[in-house]
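Here is how the chains run, residue by residue.
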Amino acid sequence: MADFGHETERLVLRDWREEDWDPFWEATNTQAVMRWLGGVCDAEKRTGARHRLESYRKEHGHTFWVVERKSDRSIMGFCGLKRCNQQGGPVGMMEIGWRLREDAWGKGYAREAAHASLDLAFERFRADEVIALTVEGNAPSWGLMKRLGMRRRADLDFANSDFDAETGTIIVYSIDRKEWSGVRA
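Overview of the structure. The model shown is predicted, which means the values in this text are computed figures rather than measured ones.

Focus on the nonpolar core
Most often, soluble globular proteins have nonpolar side chains that are buried together. Membership of the largest hydrophobic core comes to 32 residues, with the highest contact counts inside it found for Val67, Leu81, Ile96, Trp98, Leu118, Val130 and Met150. Taken together, the elements giving at least two residues each to this core come down to strand S2 (11-14), strand S3 (64-69), strand S4 (75-83), strand S5 (94-100), helix H3 (109-123), strand S6 (129-134), helix H4 (139-147) and strand S9 (169-176). When neighbours within four sequence positions are excluded, valine 130 is seen to be in contact with Met94, Glu95, Ile96, Leu118, Ala121, Phe122, Met150, Tyr173, Ser174 and Ile175. Counting residues in each nonpolar core, the second largest holds 14 residues, with Trp16, Trp21, Cys41 and Ile75 among its members.

Structural data, given as structure tokens:
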């Protein structure tokens, strides 16, 4: 399988390299970034996450790719596509996800990377529909979902306390191919 790479105006979405992991975890495994993602990861959780990200690419041809800023080649976090595998959720559906370091917030990087990922989902990977998962308290995340043209899918919400023990619920947003074509028009 050829290495994946996709460029936007300011970013490169690409496959993971061995040297990416330390700067990724250093920048994103913080209280602020991990607030709605189950908390800061210990070594065991970091290893598990790495194996999952690498397995998604092997199994499906896509993953949550490294997001690298073109101007200085720094690792901003990840964004990309996987198949939903959250216990209790819409397993098997194409899912978009992102996680960026705190100093990248509010600069449009997440939207730029997510827009490119949705283009890839529908054009390259032939998805019919793409979902995104978050929790009610993570307003910046579901706010981005709405700005991307995704709509709330309460019918797909599910019980899972991995990310927000207080509510124990993961909420779902969705966009299909036709809706995405309208957003892009």
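A few points about the pairing of S3
Of all the 6 residues making up S3, 6 are buried; the element is thus mostly covered by neighbouring parts of the structure. The pairing of S2 with S3 spans 4 bridges and is antiparallel. Bridging across to S3, arginine 14 finds its partner in valine 66. In this structure, S3 lies alongside S4, joined through 5 bridges in antiparallel fashion. Within S4, the position partnered with valine 67 by the bridge is glycine 77.

Some words on the side chain of aspartate 15
Here aspartate 15 shows up in the loop between S2 and helix H1 (21-28). You can call aspartate 15 buried: its relative accessible area is 9%. A polar contact of 2.7 Å, which involves the side chain of aspartate 15, links it to the backbone nitrogen of phenylalanine 4.

Parameters at a glance
- Residues numbered from 1 in each chain as written.
- Predicted model: local features only at pLDDT ≥ 70, side-chain atom pairs only at ≥ 80, totals over all residues.
- Heavy atoms only, no water.
- Core = buried A, V, L, I, M, F, W, Y, C linked by side-chain atoms within 4.5 Å.
- Buried < 20%, exposed > 50% of the residue type's maximum accessible area, 1.4 Å probe, protein only.
- Helix = DSSP H or I, 4+ residues; strand = E, 2+ residues; numbered from the N terminus.
- Contact = heavy atoms within 4.5 Å.
- Pairing = 2+ DSSP bridges.
- Polar contact = N/O pair within 3.5 Å; in protein donor to acceptor, adjacent residues only side chain to side chain.

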